[in-house]
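# Summary of the model geometry
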Amino acid sequence: MPQHTRPARLICPNCDGFASAAIATGMRLTDGSRATVPVNCPACHGTGTTAAPARRTLTTARR
């Protein structure tokens, strides 16, 4: 049977992998383009991924 493994990189649940965005300020520059502010996801710091959760180890109770 094949072994199912998780991917090493998981998509950030807060931004769904879209870690950076350019927000329009509503102002226009002298050349007619819009002024934008780059914003990164605060949870993943702009990477779009999160660390894999730590593996839990099973412990057996001794009698």
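As a reminder, the structure under discussion sits directly above these lines.
Here the structure is a predicted model, which is why all the values come from computation and not from measurement. (Residues numbered from 1 in each chain as written. Predicted model: local features only at pLDDT ≥ 70, side-chain atom pairs only at ≥ 80, totals over all residues. Heavy atoms only, no water.)

## A few points about unusual backbone geometry
Note the following rule: Numbered from the N terminus, helices here are DSSP runs of H or I no shorter than four residues, and strands are runs of E no shorter than two.
Positive phi is not limited to glycine here, since Asp16 has a value of about 55°. As for its position among the elements, Asp16 is in the loop between strand 1 (10–11) and strand 2 (20–28). In the Ramachandran plot, His45 falls in the positive-phi region, its phi being about 60° despite a non-glycine side chain. Within the fold, His45 resides in the loop between strand 3 (34–40) and strand 4 (49–50).

## Here's the deal with a nonpolar patch on the surface
As a reminder of what qualifies: Residues with no salt bridge and a relative accessible area higher than 30% make up the patches, which join like charges within 9 Å and nonpolar side chains (Val, Leu, Ile, Met, Phe, Trp, Tyr) within 5 Å. Only the protein chains shown count as cover for residues, and the accessible areas themselves come from Shrake-Rupley with a 1.4 Å probe. Within this document, salt bridges are pairs made up of a side-chain nitrogen of Lys or Arg and a carboxyl oxygen of Asp or Glu, the two lying within 4 Å of each other. Burial classification: accessible surface area is computed with a 1.4 Å probe over protein chains only, and a residue below 20% of its type maximum counts as buried, one above 50% as exposed, and the rest as partly exposed.
A cluster of nonpolar side chains, namely Ile23, Val37 and Val39, defines an oily patch on the protein surface of about 220 Å² accessible area. As for its placement among the helices and strands, Val39 is situated in strand 3. On the basis of relative accessible area, Val39 is assigned to the partly exposed category, the value being 37%.

## So, the environment of Gly26
Structurally, Gly26 is set in strand 2. Counting along the chain gives ten residues from Gly26 to Thr36, while the straight-line C-alpha distance between them is 8.3 Å.

## Here's the deal with the pairing of strand 2
The following threshold applies: Two strands pair if DSSP finds at least two bridges between them.
With six bridges joining them, strand 2 and strand 3 adopt antiparallel strand pairing. Counted as the bridge partner of Ala24 is Thr36 from strand 3. The antiparallel hairpin formed by strand 2 and strand 3 contains five residues in its connecting segment, where Gly32 sits at a positive phi of about 100°.

## Description of the state of the cysteines
To be explicit about the condition: Criterion for a disulfide: a pair of cysteine sulfur atoms within 2.5 Å.
Inspection of the entire model under this criterion finds zero disulfides. Cys12 forms no disulfide, and the closest cysteine sulfur to it belongs to Cys15, at a distance of 3.7 Å. A residue is classified by how much of its surface remains accessible, and Cys15, at 13% relative accessible area, is buried.

Fair warning: the whole summary comes from geometry, so function is off the table for now.
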